[in-house]
Amino acid sequence: MKNVTRIHGSAPGRAGDRKGNTPGGKLTEGVPLAKLVKREMIAHPELVMLSQPRSIFAERFRRLKTSIAHQFGDAARVIVVTSGAPGEGKSTVAANLALAFAADGGDKTLLIDGDFRRPTVGRWLHPAPQLGFAEVLAKRTGLDHAILSLTNSTLEVLPAGDCPRDPLELIASQTARAMLAELRRNYARIVIDTPPVVPFTDADAMGAMADGVLMVVRAGATPKSVYRQALSSITSTRILGSVFNDAPHSLADGGRYYDKYYTAYYDKKREDK
């Protein structure tokens, strides 16, 4: 993750619970394991909001968050993040954007890993999660058993879980609609990571339950034809905007001069202490 510019566009095995119930059997009962096991989000280099919170890269995610909040307000509470093709960095953008929203404190934020094709969020959590989104949609467990609180962030996370054979069937179900409606009542912001939109239709199906889609594009790598096809593939909701990932310099930041002044500001702040 080298750079993110502002958006543009229109307005291992399964563990049972204390009573011995497993996700493949009855609904889990008793105190949710998710509430008993303390987890943290690993400060991986890709998660700049945790690993480099004072970097120019983290600042750009704060700017992205602010842009969405100012332009759309409460009209963009549930945001689907996708890309045209694999390797664009959509999961990294989704996680950092969710961390940026959660950092405000007042906005109760949930990050959902809705990419059943290639789930990513779970590898950033320790200990690794055992239940997730798939088990909730299959009615094998409840949200209280699947949503994880973190020790090093106010962000809450719903990992993907055990990837189903037919992800689209679960995503487009009435269970998914009811679950999203419930989550809307409990969270100010919900960020959902989904598979690339050109090879799969999951993002568009999830978009029907969301307030908009954020498209991630890797600068210098995504062909224009793929980008255009990705935009036209979203038919269920609006495109909130596009995020240019790995751009050499951000036009919104004034390029290298902004980078220089931003770094100098924090260097001077450390000298004054």
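Along each chain, the written sequence defines residue order, and numbers are assigned to residues from 1. Where local features are concerned, this predicted model is filtered to residues with pLDDT of at least 70; where side-chain atom pairs are given and counted, the filter is 80 or more; whole-chain, interface and lining totals use all residues. In computing side-chain properties, one takes all heavy atoms of the structure into account and sets aside hydrogens as well as water.

## Let's talk about unusual backbone geometry
Following histidine 126, the chain continues into proline 127 via a peptide bond in cis, with omega recorded as -5°. Among the structural elements, proline 127 can be located in the loop between strand S4 (125–126) and helix H5 (133–137). Positive phi values are uncommon outside glycine, yet lysine 139 reaches one of about 60°. A helix here means a DSSP run of H or I that spans at least four residues, while a strand means a run of E at least two residues long, and both kinds are numbered starting from the N terminus. Counting through the fold element by element, lysine 139 comes out in the loop between H5 and helix H6 (143–146). Here's how the labels work: a residue is buried when its accessible area is under 20% of the maximum for its type, exposed when over 50%, partly exposed in between, all with a 1.4 Å probe on protein chains only. Residue lysine 139 is classed as exposed on the basis of its relative accessible area, which comes to 56%.

## With respect to the side chain of threonine 120
Of note, threonine 120 is situated in the loop between strand S3 (109–113) and S4. Two residues qualify as a contact provided that any one of their heavy atoms is within 4.5 Å of a heavy atom in the partner residue. Aside from chain neighbours lying at most four places away, what touches threonine 120 is Ser91 and Asp113.

## Examining the packing of aromatic side chains
Geometry of aromatic contacts follows a simple scheme: Phe, Tyr and Trp rings, the Trp one being its six-membered ring, pair when their centres are within 6.5 Å, and the pair is stacked under 30 degrees between planes, edge-to-face over 60, tilted otherwise. Throughout the structure, instances matching the rule amount to one aromatic pair. Taking 5.5 Å as the distance between ring centres and 35° as the angle between the ring planes, the aromatic pair formed by phenylalanine 116 and phenylalanine 133 counts as tilted. Note that phenylalanine 116 is positioned in the loop between S3 and S4 and phenylalanine 133 in helix H5, a separation of 17 residues in sequence. The same class applies to phenylalanine 116 and to phenylalanine 133, which are both buried. Geometrically, a charge over a ring is one whose NZ (Lys) or CZ (Arg) sits within 6 Å of the ring centre while staying within 35 degrees of the ring normal. In this arrangement the basic side chain of lysine 108 is found over the ring face of tyrosine 187, its NZ or CZ atom lying 5.0 Å from the centre.

## Concerning the side chain of serine 153
Along the chain, serine 153 falls in the loop between strand S5 (148–149) and strand S6 (156–158). Two N or O atoms form a polar contact when they lie within 3.5 Å of each other; inside protein one atom must be a possible hydrogen donor and the other a possible acceptor, and for residues adjacent in sequence the pair counts only when both atoms belong to side chains. Looking at serine 153, its side chain comes within polar contact range of the main-chain nitrogen of leucine 155, at 3.0 Å. Discounting chain neighbours no more than four positions away, the residues touching serine 153 are Leu99 and Ala102.

## Considerations on the nonpolar core
Grouping buried Ala, Val, Leu, Ile, Met, Phe, Trp, Tyr and Cys residues that are joined through side-chain atoms within 4.5 Å yields what is termed a nonpolar core. If you look at the biggest cluster of nonpolar residues, it comprises 36 residues, and the most contacted ones within it are Leu158, Met179 and Leu183. Setting aside chain neighbours within four positions, we find leucine 183 in contact with Leu110, Ile112, Leu143, Ile147 and Ile190. By size, the runner-up hydrophobic cluster in this structure holds 35 residues, among which are Ala34, Leu64, Val93 and Leu97.

## Some thoughts on the environment of asparagine 96
Note on placement: asparagine 96 falls in helix H4 (residues 90–102). According to the relative accessible area criterion, asparagine 96 is buried, its value standing at 0%. For the pair asparagine 96 and methionine 49, spaced 47 residues apart in sequence, the C-alpha to C-alpha distance is 5.9 Å. Residues contacting asparagine 96, with those up to four places away along its chain left out, are Glu46, Leu47, Val48, Met49 and Phe61.

## Some details on the packing of helix H3 (residues 56–72) against H4
With axes taken as lines fitted to C-alpha atoms, and helix axes fitted only over the stretch in contact, angles between N-to-C directions fall between 0 and 180 degrees. In the contact formed by H3 and H4, the axes pass within 9 Å of each other and the chain directions differ by 75°. Considering their axes alone, H3 and H4 lie roughly perpendicular with respect to each other. Contacts between H3 and H4 pair Phe61, Arg62, Leu64, Lys65 and Ile68 from the former with Thr92, Val93, Asn96, Leu97, Ala100 and Phe101 from the latter. By residue class, the composition of the contact of H3 with H4 is seven nonpolar, two polar and two charged. Here the word oblique covers every angle except those under 35 degrees (roughly parallel), over 145 (roughly antiparallel) and from 65 to 115 (roughly perpendicular). Note on residue classes: Ala, Val, Leu, Ile, Met, Phe, Trp, Tyr, Cys and Pro are nonpolar, Asp, Glu, Lys and Arg are charged, and everything else, Gly too, is polar.

## A closer look at the confidence of the model for the protein
You can read pLDDT as the predictor saying how much it trusts each residue, on a scale of 0 to 100. On average, the protein scores 84 in pLDDT, and the residues at 70 or more come to 79%. In this model residues 8–28 is a low-confidence stretch, pLDDT under 50, and it forms 48 contacts with partners more than four residues away in sequence or in other chains. Contacts for the low-pLDDT stretch residues 254–268, under 50 throughout, to residues beyond four places or in other chains number 16 contacts.

## Comments concerning the environment of arginine 177
Along the polypeptide, arginine 177 turns up in helix H8 (residues 174–186). Taking the C-alpha atoms as reference points, arginine 177 and methionine 209, separated by 32 residues in sequence, lie 6.4 Å from one another. Setting aside residues up to four positions removed in sequence, arginine 177 forms contacts with Ala208 and Met209.

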